[in-house]
Amino acid sequence: MATHDQDESVPEEPGRGHRVLALLDKAIDTQSPLVRKNIVRARQRNSEATPAQVIRNLERMYVGALAGTGAAVGGAAAAPGVGTGVALALSAGEVLSSFELSALFALSLAEVHGVPIDEIERRRTIVLGIMLGGAGSETITKVAGRTGQHWGRQIVAKVPAETLRQINKVLGRNFVTKYGTKQGIIVLGRVAPFGIGAAIGGGANAAVASLAVRAGRRAFGPPPASWSWLTPGGPEASENQHG
């Protein structure tokens, strides 16, 4: 991925806010090349799977993976000899993992729906909008000056990059605020003693993932009827051609 993508129009937020957005950009950058592979994985057991079936698999994979990372960190925090400082460090490391899982999920949905993800601003809007849920949808339609359902198709795929850049500045500020509030509660929950952290960590992450799943459905609407927008043969053929 080109380095200029990382430097382009990330809203300047002081301190922790800037670090959070930098982590999110890193997650988007590392996961973007893996989108086609993720779609192929989602239809491994059924090469004839429809886009609707693949989307359901992507949703299950995402919820399971995100809940698993939260439970693993919470369980490690409850292990004998693990202090609060170590537990908090583990949770901080999990932040990037959760961002990566969320970015991969959101961009995979866009790919299945045929929404272009070749530009960094479009990728940011998709990921931020889905992670922010209903608030993200409202912001996107308001700043874009458009109304209607399924912003992932109606706005992200069609408006100019400059408009998306303005949308992303607002989404970025909202994301820092929302993330800081939620993550603080979840991190403290994960360091609770006697294994309670595992339940809190896994449950909280599963809830976050479920909200993102619903946001994804609202963003893109009904799945495509076929894979006609991809290389003939579906994602597997396209992935093979891209190496």
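Residues numbered from 1 in each chain as written. Predicted model: local features only at pLDDT ≥ 70, side-chain atom pairs only at ≥ 80, totals over all residues. Heavy atoms only, no water.

A. Region of interest: the environment of Val 143. As for its position among the elements, Val 143 is in helix 7 (residues 134–144). Remark: the alpha-carbon pair of Val 143 and Leu 171, spanning 28 residues in sequence, is separated by 10.0 Å. Ignoring sequence-local partners within four residues, the contact set of Val 143 consists of Gln 166, Ile 167 and Val 170. (Helix = DSSP H or I, 4+ residues; strand = E, 2+ residues; numbered from the N terminus. Contact = heavy atoms within 4.5 Å.)

B. View of the packing of aromatic side chains. Per the stated rule, a full pass over the model turns up 3 aromatic pairs. Between the aromatic rings of Phe 99 and Phe 175, the centroid separation amounts to 5.6 Å while the plane-to-plane angle is 55°, which identifies the pairing as tilted. One end of the pair, Phe 99, is in helix 5 (residues 84–112); the other, Phe 175, is in helix 9 (residues 161–190), with 76 residues separating them in the sequence. Just as Phe 99 is buried, Phe 175 falls in that class too. Summarising the aromatic geometry, the rings of Trp 151 and Phe 220 are spaced 6.4 Å apart at their centres and angled 35° between planes, so their arrangement reads as tilted. Highlighted residues: Trp 151 in helix 8 (residues 151–156) and Phe 220 in helix 10 (residues 196–220), separated in sequence by 69 residues. Pair check on accessibility: Trp 151 and Phe 220 agree, each one buried. (Phe/Tyr/Trp six-rings, centres within 6.5 Å; stacked < 30°, edge-to-face > 60°. Buried < 20%, exposed > 50% of the residue type's maximum accessible area, 1.4 Å probe, protein only.)

C. The arrangement of the nonpolar core in detail. Ranked by internal contacts, the top residues of the largest apolar core, which has 50 residues, are Val 54, Ile 126, Ile 130, Phe 175 and Phe 220. Sort the elements by how many residues they give to this core and helix 5 lands first, with 10 residues. Not counting residues within four places of it along the chain, the set of residues in contact with Val 54 comprises Ile 39, Ala 42, Arg 43, Ala 49, Val 112 and Trp 227. (Core = buried A, V, L, I, M, F, W, Y, C linked by side-chain atoms within 4.5 Å.)

D. Region of interest: unusual backbone geometry. With a phi angle near 60°, His 150 is a residue other than glycine that sits in the positive phi range. Relative to the helices and strands, His 150 resides in the loop between helix 7 and helix 8. On the accessibility criterion, His 150 (19% relative accessible area) is buried.

E. Main features of the confidence of the model for the protein chain. Taken as a whole, the protein chain shows an average pLDDT of 75; of its residues, 65% reach a score of 70 or greater. For the protein chain, helix 1 (residues 3–7) is the element with the lowest average pLDDT, namely 42, and helix 6 (residues 120–132) is the one with the highest, namely 94. Below a pLDDT of 50 lies the segment residues 1–13, which in the model reaches 29 contacts outside its immediate sequence neighbourhood of four places, other chains included. In the model, residues 184–202 has pLDDT below 50 throughout and makes 33 contacts with residues more than four positions away in sequence or in other chains. (pLDDT = per-residue confidence, 0-100.)

F. Spotlight on helix 3 (residues 35–42). With 6 of its 8 residues buried, helix 3 lies for the most part within the structure. Of all the positions in helix 3, only Val 35, Arg 36, Asn 38, Ile 39, Val 40 and Ala 42 are classed as buried.

G. Here's a closer look at the pattern of salt bridges. Tallied over the full model, the rule gives 7 salt bridges. The partner of Glu 111 in a salt bridge is Arg 36, and the shortest N-O contact between them spans 2.2 Å. With a gap of 75 residues between them, Glu 111 in helix 5 and Arg 36 in helix 3 connect regions that are remote in the sequence. For Glu 162, the salt bridge goes to Arg 165, with nearest N and O atoms at 2.6 Å. Note that Glu 162 and Arg 165 are positioned in helix 9 at a spacing of 3 residues, about one turn of the helix. Taking relative accessible area as the criterion, Glu 162 reaches 43% and is therefore assigned partly exposed. For Arg 165, a relative accessible area of 18% translates into the label buried. Beyond isolated ion pairs, a larger network of salt bridges with shared partners links Asp 25, Glu 121, Arg 124, Glu 162 and Arg 165. (Salt bridge = Lys/Arg side-chain N within 4 Å of Asp/Glu carboxyl O.)

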